[in-house]
Amino acid sequence: MNAPVTASVIGVASAHESAELHVSGRATYIDDLPEPHGTLQVALGLSSIAHGHLRVLDLSAVRAAPGVVAVLTGADIAHNRSGAIIADEPILVDDLIQFHGQPLFAVAALTRAQARAAVRLARVEVETLPAILSVAEARAAQHFVLPPVTLARGAAEAALQSAPHRLSGQLAQGGQEHFYLEGQVCLAQPREQDTLHLWCSTQHPTEMQHLVGHVLGWSAHQVSVECRRMGGAFGGKESQSAQWACIAALLAVRTGRPVKLRLDRDDDMRATGKRHPFLSQWQVGFDDHGQILGLQVELASDCGFSADLSGPVNDRALCHVDNAYFLDAVQIRSLRCKTHTVSHTAFRGFGGPQGMLVIETVLDDIARHLQLDPFDVRCRNFYAETAGAGRDTTPYGMTVEDNLAPALFAQLVQDANYRARRAAVAAFNQGGGPLRKGIALTPVKFGISFNATHYNQAGALVHVYADGTVLVSHGGTEMGQGLYTKIRQVVAHEFGLPLDKVRLSATDTTRVPNTSATAASSGTDLNGKAAQAAARKILQRLAQVAAGLCGADPAAVRFEGGRVRAQGTQTLDSGFAELTAQAYRARVQLWDSGFYATPKIHFDPVTKTGRPFFYFAYGAACTEVAIDTLTGETRVLRVDILHDAGRSLNPAIDIGQIEGGFVQGMGWLTSEQLCWRADGALATHAPSTYKIPTATDVPQAFHVQLYAHDNREDTIHRSKAVGEPPFMLALSVFSAIRAAVAAAVPGLQPIALDAPATPEAVVRALGGLERTDPDAVGRP
Amino acid sequence: MSATPIRFVFRGALHQVSDVASTTTVLEWLRLQVRAMGTKEGCNEGDCGACTVVIGELDVDAPGGVSLRAINACIHLLAMLDGKALFTVEDLAAADAPLHPVQQAMVDCHGAQCGFCTPGFVMSLYSLYENRQQPPDHGEICHALAGNLCRCTGYKPIIAAALLAWQQPSQRLDRSGVHAQLQAIAQRPDLDYQAPANVGAGRVQAPATLAGLAQALDAAPKACILAGATDIGLWINKQGRHLPHLIHLDRVPELQAITQSADGALQIGAAVTHTRAWAALVAQVPALADLARRFAAPTVCNAGTLGGNVANGSPIGDAMPALLALDATLLLQQGAGTREVALADFYLGYQRSVLQPGEFLRSIHVPALPTSMSMPTSIPSAAGAAQSAGLPVQAAGLHVQVASYKVSKRADQDITAVCAAFRIELQEGRIVQARVAFGGMAATPVRARQCEAVLGGAAFTADTLRAAQQALHAELTPMSDLRASAAYRQQVAANLLARFWLEVQQTLGGAPDNDGRAVRLDQVEASA
Ligand code: FES
Ligand code: FES
C-alpha cells in the first residue's frame, strides 16, 4: 500500500483548497455567516486603569439604552474563573482589575452600533492600586505569575571564570501583536435540550468547548464548537479566543437567543495577549576562536497579569537558547514576571524566538570582540554534524541526531555569495557617508512537538461515500497555513484519487473529540498521520472487496489515478466509485477513524529534561540591510533562505509559510513596536499606530529554497513541520542591523540595540542622541 | 430644498438609498444591509485595506470618461457615493464565470493563505489593472498595495500575481456602460440626504455650486465640512462622535479644480484628492516625489484631500512642511467674501486655525519657484577651485533646491515622527532665501524662523549648518509620544538639515568625500 510518491498528489504545489473562494470573496468567515433570526450583537466595556478595585459598576443607563437586550457583569457569572492551564482569569472583572483594557461588562443589543453606543453610558468607579507595568519593575519586585525555573548543565560559573575571554550584555525584546486580519469573533446559538453550538474563530475548538462548558456549569456533550477557517491566528486564537466564546455563550444562554461577539479591532488589540516581551542578561566565556566555554543567561519575560500559556512559552524559550549550538557548561534561568498588562500568550515560535535571539546576539558580540567573521564563529559552535562523538546533546538532555545546520550553512554561504558580499559591505562602509550596510547569516533549529507530551495526539474521521467521494474531518484548524490542503493531499494519495474527489469538512468537536490546539507547527504531522491511519483502514477493506472480485491478493490491489487495479484469476480495472458502490452493497464499512500519538517523546516537567521533540526543523537565512545613521531608518536589501521542510508535502504552501514567517519575524524585529502609556494603556491599539510590514518593506531580492531532505523520523511522508520555524529566519535581519550599527560606531564597544530596531532604537544604539556634527555625518 | 436619496450605480444598476443613517459607511451598508460579505472589515479605520472597493466617477480625462480608484470602504460614507459607481470583489467575476485576470493570477501565485486580506488586495490590484495598459514595475506594485496589509504571505506571491495579471488575456471593464449610467444621474439636484428618525435623523448636503456651498455653510455654521472622510470616518467609527449635519465639498467644480496661473503658480481646490494634488505638486517640484510616494497609501490618497490635510492642521500632517517651504497661501471664503492667508499664519495652536465658523478653505496657492528645480544647468568652472579650497560653490546663477523628508517607523502608510521640508536659494555662494519647516516638532506644522535667519545671507558651509542646527535645537521643543521621543525628534530634525546640506553639496559638486555616494536609503542596493 506504500505506493510510490511519484505521480501522486504528494509533493505537488497545488493551490490552497480555498484559493478560488479567497480571491472571489466567497470564502466564508464567521462574521460572514448568515445570522440566525434574532441574533444579538455584543460590545464590551473595558477597564481604564491598570490595577485597582472595581467599586461601582452602574449600568442602569446602559440597560435603558435603545436596543439593549441584556447586560452581563462578572457578578452574574457563577464560574467566573477561567484559563488555559490555571484558572486565574475572570471572564469579566468581579473585583480586581489587573490591566488597562480588561473587560468589565458586556452588552448585547439588537445592533452592533446600539451595543457600542450603550457601552459608553456606563458609570464606573474604581480604587486605583499601584501598577507594575514593565518586566524590569516586576523582576526587581520578584513579582511572578509562576515560580522561576532553571535549566543547567555543567559548571557554567567555573567555565566562565576560567575562560580566556568574557563578555556580558543585556537584550530587551519587545512583544508583538498577532494582527490576524480577521479579529476575534464567535457566534453562539442555543439549541434544544440545553445545548449550545458555537462558530468560533479558534485554533482550539476543544478548549473552547471545555471552557464554555465550565463557565456555564455544563458538560462537554452539551457544547459543540465549529470552525471552518480563520482569517489568520498565529497563536493568538489558541487560548485567547476563549473569553469571547464564553461571553457569547453566557449571553446566549441567558437570553435564549443567538449572540455574536466580534471585537472591534482596537478592543481586540487592547484586550488580547501578545508575544511575550523579554529582558535578558547574559555572560559568556569563550576561547580565542570564539567557541563558547560557559554561558549564563537570565530570561525575564513579561507574562502579563495571568499564567495563560506562559509556563510552556517560557519552557520553550529555555529550550531554544541553544538554537543550533552546543553549550557545554550552561545555566539558564527563566523568570515568569507578572505585570499589570494584558496576559501574553502563544505567538508563532512560542518563546523560541526570544530564546534564540539571545544566543545569536552573544555570538555576534563574540565575533566582534575577536574580530572574526560571525559566520565562522557560528560554525565553530554548531552541534556535531553526526551524533555519538560528543557535542551532540542539548542542555535539556536530548541528543541532536539530525543536525542539518552545518549542511545548510555550507550551501547557503555559497548560494548567497556571503563572503564576497561581506567584503563588499565592508568596502561600502569604508566609503563613509550617512548610510551603513550590514550582512548576517544565521541558522534556525526548532524543536517540533508540544513540549507537554500529552498534547501530541490527534484524531481524524474519514468518510468514503458510496459514490466514491471522500469527506475528511480532523481535529486541526485551518488558519491559512494550508493544513486542509495538505490533509486533502494525504487522503487523496491514499485512495489514489484526484484532489477534487476529496473534501474537508469544517473542524467540529462533534466529529472529532478531545483534540489539541492547532499549534506548535504540528497540525499536519499529527492530523496528517491520523487521517492517513483512518484512510488506510478503509483502504484495506476496499482492497479485500477488490481482491474478492478478481481473486487477487489484497496486498496487490493498486489504487491510482481514480482507478482500482488488480491481477488475480481475473483482471480488475474498475473506477474507484464503482468499487465503493459495490462495497456498500456488500455491507462493508466505508468510513473510519484514525488516531495518532507522536512516538519517542517524553519530558520531565520538573527537571526539564528528556526528549521533548520528535525532531528538529532547520533553516538558514542570509540578510543584507542598510541603515541611515541620520534617522535610524533601516531597509532590508536582500534575503536568501534555505529551509528544511523535510520531503515537502506541498512546496508552494511550504514556501508560503517560509516567506510569510520571515516577514512576520522581520516586522517583530523592526517596525512593530508596542507602546504602553504611563497609566498602562496600550497606545498602539490599531494599525494606524502599530506597524506590521507592507509590501515595500519586503526586498525584491528575496530568494527562498527548500532543502531537499527526507525527515529521518517517520513523519507523514517524511515531511517536516513548517509553521513556526521560518519565523526565526528573521533573526538574521536583527543581526545584520547590529552589524551595520557596529560599522558606524567607533572601536569595538558593545552594540546596545534593543528589539525592535525602530529608527529611534537604532539612533540610540549609534551612540545616544547626540550626533549632530556635520563632519561626523559626512565622513567615514 | 427637499430631501433627496443617495443615488449611485451598483451591480450594474442605479441604486437609490434613503433608509440608512447619514453617517453609514460604505462597508456597513455592504455588510449589514446588502449582506455582500466579500468586502471584509479588518480595522474599521482605513489602515488595513481589507475593505478596499473601487469607485467609478465621471471624468472627461479618464479612459471612457470614467475614472476608477480604490478606496477604503470602512471610512467612506455611503452619502459620498452620490453620483458615483461602486465596485466590490463580487463584481469581478460572477459565481459561474471564469475569474478575473487579477484573481486568477492570485490563485496561480499562491497569493492567499488565510484569505481574509485577499478581496482587498484583489480590489487594489483591479484598480491598478484598470488604470494601466502596460504592466507595472515592482516599485509601482508595492506602492499600489501600500494600504493593504497581509499578515500571512509576506507579500511576495501577491507582487508576483500583480506581474502575472498583465500576462493573461486582457479583460477590461466596459466603461461605456458605466459612463451612460453615471451620465443619467449627472444632472441630479444638490444632495440633501436626510436620514429617517428611526436611524438617527442626520443630514448630509452636497451643494453643486460654490455659491450653494457658501450659502449652506452660512445657514449652518456649526455643520461639519466633509471632504474625503479619511479623518471623519475615524471620528464616527472609533470615537462614536455625533455628526448630525455634514456638508460635502465634493460636487463644487471650483473646489475640484487644479489651475496654473501665467506666473506658474498652482491653485489647488480644497476638495482635490491627494492623488491629484500631489501629481500636480510633483510636476511643479519634482523633488517632492519621494514625499508624495510615502505620503499615504493610494486608498487614502484617493479619498483624502490636500485641503482636508491643511484645514485639519494636524501637527503631523505631511503636506504642510512642504507647503510652508514653498510659501503656500490659502484662499478662505465666507459667504461671498474671500481672504488670503499665508499658510505660515494659518495655525493658531494645536488643531486651531484662523478659520471662522461658516468660513471654509477654498483653495491652496503654491507660488512657482524662481528657477527650475532640476539639477543646475551648468556648474561654473570656479566650482572646482572652490571645492578644493573647501569653500562653498560660487555659482554664478541662482541655485534653488528643495527637499522634503519623512521619518516614520514604517516606510509606507505610517504617521510621521518628523517630517521636514527645506528650500534654499543660493546666489553667488550666499543663501538668499531659506525655508525650514517641520511637522511633528510642535503643536502645529511650523517654520523654524530662527534657523532660517541663521541661514539667510550666509554661505552654506559646515559651520553655517552647525549654527543652523543649534538654532533649531533652541527654537523647537517637540513632544514625546508613541512615535518618537522628544530627544529623537530634536536629533533627527537637525540630522535632516544635515542631509539636505549633503544633498546641496552633492548637487553643486562639493563635498569631495561624499561625491556621488548614496545619502538616502532608497538609493542603495544589495551588494553584488
Ligand atoms: S477595514 Fe481596515 S481599512 Fe477598512
Ligand atoms: S492571506 Fe492572511 S492576511 Fe493575507
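Residues numbered from 1 in each chain as written. Chains lettered and ligands numbered in written order. Predicted model: local features only at pLDDT ≥ 70, side-chain atom pairs only at ≥ 80, totals over all residues.

Considerations on the overall build of chain A
Assigned secondary structure in chain A consists of 20 helices and 29 strands. For a compact globule of 780 residues, the expected C-alpha radius of gyration is about 28 Å, and chain A comes in at 27 Å, within 12% of that figure. Taking all 780 residues of chain A together, 63% fall into the buried category. Intrachain contacts of chain A at a sequence separation of at least 6 include 79% that bridge at least 24 residues. (Helix = DSSP H or I, 4+ residues; strand = E, 2+ residues; numbered from the N terminus. Rg over C-alpha atoms; globule rule 2.2 N^0.38 Å. Buried ≥ 20, exposed ≤ 12 C-beta atoms within 10 Å, placed from the backbone. Contact = placed C-beta atoms within 7 Å.)

Observations concerning the overall build of chain B
Within chain B, the secondary structure is distributed over 18 helices and 20 strands. Here the C-alpha atoms of chain B give a radius of gyration of 24 Å, agreeing with the 24 Å that 2.2 N^0.38 yields for 528 residues. Counting only C-alpha atoms and orienting by the principal axes, one finds that chain B spans roughly 75 × 60 × 45 Å. Residue pairs in contact within chain B that sit at least 24 positions apart in sequence constitute 67% of those at least 6 positions apart.

Structural notes on the domain arrangement of chain B
Residue and element names in this part refer to chain B. Parsing chain B into structural domains produces domain 1 (6-91 + 175-248) and domain 2 (101-165). For domain 1 versus domain 2, the distance between C-alpha centres works out to 25 Å. The interface is formed by 15 residues belonging to domain 1 together with 14 residues belonging to domain 2. Within the residue set of the side of domain 1 that touches domain 2, elements represented by two or more residues are strand 3 (52-58) and strand 4 (66-72). Ranked by residue count, the leading element in the side of domain 1 that touches domain 2 is strand 4, at four residues. For the side of domain 1 that touches domain 2, the residue count by class is eight nonpolar, five polar and two charged. (Domains from an automatic or database assignment. Nonpolar A, V, L, I, M, F, W, Y, C, P; charged D, E, K, R; others polar.)

Examining the domain arrangement of chain A
All names here are of chain A. Splitting chain A by domain gives domain 1 (19-26 + 457-597), domain 2 (35-130 + 184-262) and domain 3 (278-451 + 605-778). Here the C-alpha centre of domain 3 lies 40 Å away from the C-alpha centre of domain 1. Listed by partner, the interface residues are 17 residues for domain 1 and 17 residues for domain 3. Sorting the residues of the side of domain 1 that touches domain 3 by element identifies helix 14 (483-495) and helix 15 (523-550) as the ones contributing at least two each. Broken down by element, the side of domain 1 that touches domain 3 gets its largest block of residues, six residues, from helix 15. Each residue belonging to the side of domain 1 that touches domain 3 can be placed in one class, and the counts come to three nonpolar, 11 polar and three charged.

Let's talk about the interface of chain A and chain B
The interface of chain A with chain B comprises 85 residues on the first partner and 80 residues on the second. If you tally residues by element for the side of chain A that touches chain B, the top one is helix 17 (residues 651-669) of chain A, at seven residues. Considering only residue class, the side of chain A that touches chain B consists of 36 nonpolar, 27 polar and 22 charged.

Here we look at the sheet that holds strand 11 (residues 266-269) of chain B
Residues and elements named next belong to chain B. Overall, antiparallel pairing links the five strands, which are arranged 10-11-16-12-13 in an open sheet. Each having just a single partner strand, strand 10 (258-260) and strand 13 (337-342) make up the two edges of the open sheet. Across the sheet, the mean angle separating the axes of adjacent strands is 20° when strand polarity is ignored. Relative to strand 16 (residues 360-366), strand 12 (residues 329-334) is paired through five bridges, and the arrangement is antiparallel. Looking across to strand 16, one finds that Thr329 is bridged to His365. This element, helix 10 (residues 274-284), spans strand 10, strand 11 and strand 16 of the sheet and lies at about 170° to strand 11. (Pairing = 2+ DSSP bridges. Axes fitted to C-alpha atoms, helices over the stretch in contact; angles between N-to-C directions.)

Observations regarding the nonpolar core
All names here are of chain A. Core analysis: the biggest nonpolar cluster contains 392 residues, and Val42, Val107, Leu198, Ala248 and Ala249 have the highest contact counts within it. Other than its neighbours up to four places away in sequence, Ala248 contacts Val42, Cys186, Leu187, Ala188, Leu198, Val259, Lys260 and Leu261. Val9, Val472, Tyr484 and Leu649 belong to the second-largest nonpolar core, a separate cluster that totals 43 residues. (Core = buried A, V, L, I, M, F, W, Y, C linked by C-beta atoms within 7 Å.)

Overview of the packing of helix 15 of chain A against helix 16 (residues 576-585) of chain A
Residue and element names in this part refer to chain A. Remark: helix 15 packs on helix 16, axes separated minimally by 10 Å, with the N-to-C direction vectors making an angle of 90°. Classified by the angle their axes make, helix 15 and helix 16 are roughly perpendicular. Between helix 15, through Arg541, Leu542, Val545 and Ala546, and helix 16, the contact on the second element is made entirely by Leu579, Gln582 and Ala583. In terms of residue class, the contact of helix 15 with helix 16 is made up of five nonpolar, one polar and one charged. (Parallel < 35°, antiparallel > 145°, perpendicular 65-115°, else oblique.)

With respect to the environment of Thr580 of chain A
Residues and elements named next belong to chain A. Turning to its location among the elements, Thr580 is positioned in helix 16. Put simply, Thr580 and Val464 are 116 residues apart on the chain and 7.8 Å apart in space, counted from C-alpha to C-alpha. If near-sequence neighbours (up to four positions away) are discounted, Thr580 is found in contact with Val464, Ala466, Gly468 and Leu590.

Comments concerning the environment of Ala448 of chain B
All names here are of chain B. Note that Ala448 resides in the loop between strand 20 (446-447) and helix 16 (449-455). Considering only alpha carbons, one finds Ala448 and Val436, 12 residues apart in sequence, at a separation of 5.5 Å. With near-sequence residues (within four places) excluded, Ala448 lies in contact with Val436, Phe438, Leu472, Glu475 and Leu476.

Side note on the sheet that holds strand 17 (residues 457-464) of chain A
Residue and element names in this part refer to chain A. What the four strands build is an open sheet, ordered 19-18-17-24; its pairing is mixed. With one partner strand each, in any of the chains shown, strand 19 (502-504) and strand 24 (591-597) form the two edges of the open sheet. Adjacent strand axes in the sheet meet at a mean angle of 20° when their direction is disregarded. Bridge count between strand 18 (residues 470-474) and strand 19: three bridges; the pairing is parallel. By the bridge assignment, Val472 is partnered in strand 19 with Leu504. On top of the sheet, helix 15 reaches strand 17, strand 18 and strand 24; it is set at about 140° to strand 24, its chief contact.

Digging into the packing of helix 9 (residues 310-318) of chain A against helix 10 (residues 352-370) of chain A
All names here are of chain A. In contact at an axis separation of 7 Å, helix 9 and helix 10 are set at 30° when each is read in the N-to-C sense. By the angle class used here, helix 9 and helix 10 are roughly parallel. Crossing handedness for the pair helix 9 and helix 10: right-handed. Together, Arg316, Ala317 and Leu318 of helix 9 and Gly352, Gln354 and Gly355 of helix 10 make up the contact between the two elements. Taken together, the residues that form the contact of helix 9 with helix 10 break down as two nonpolar, three polar and one charged. (Left-handed = near helix turned anticlockwise from the far one by under 90°.)

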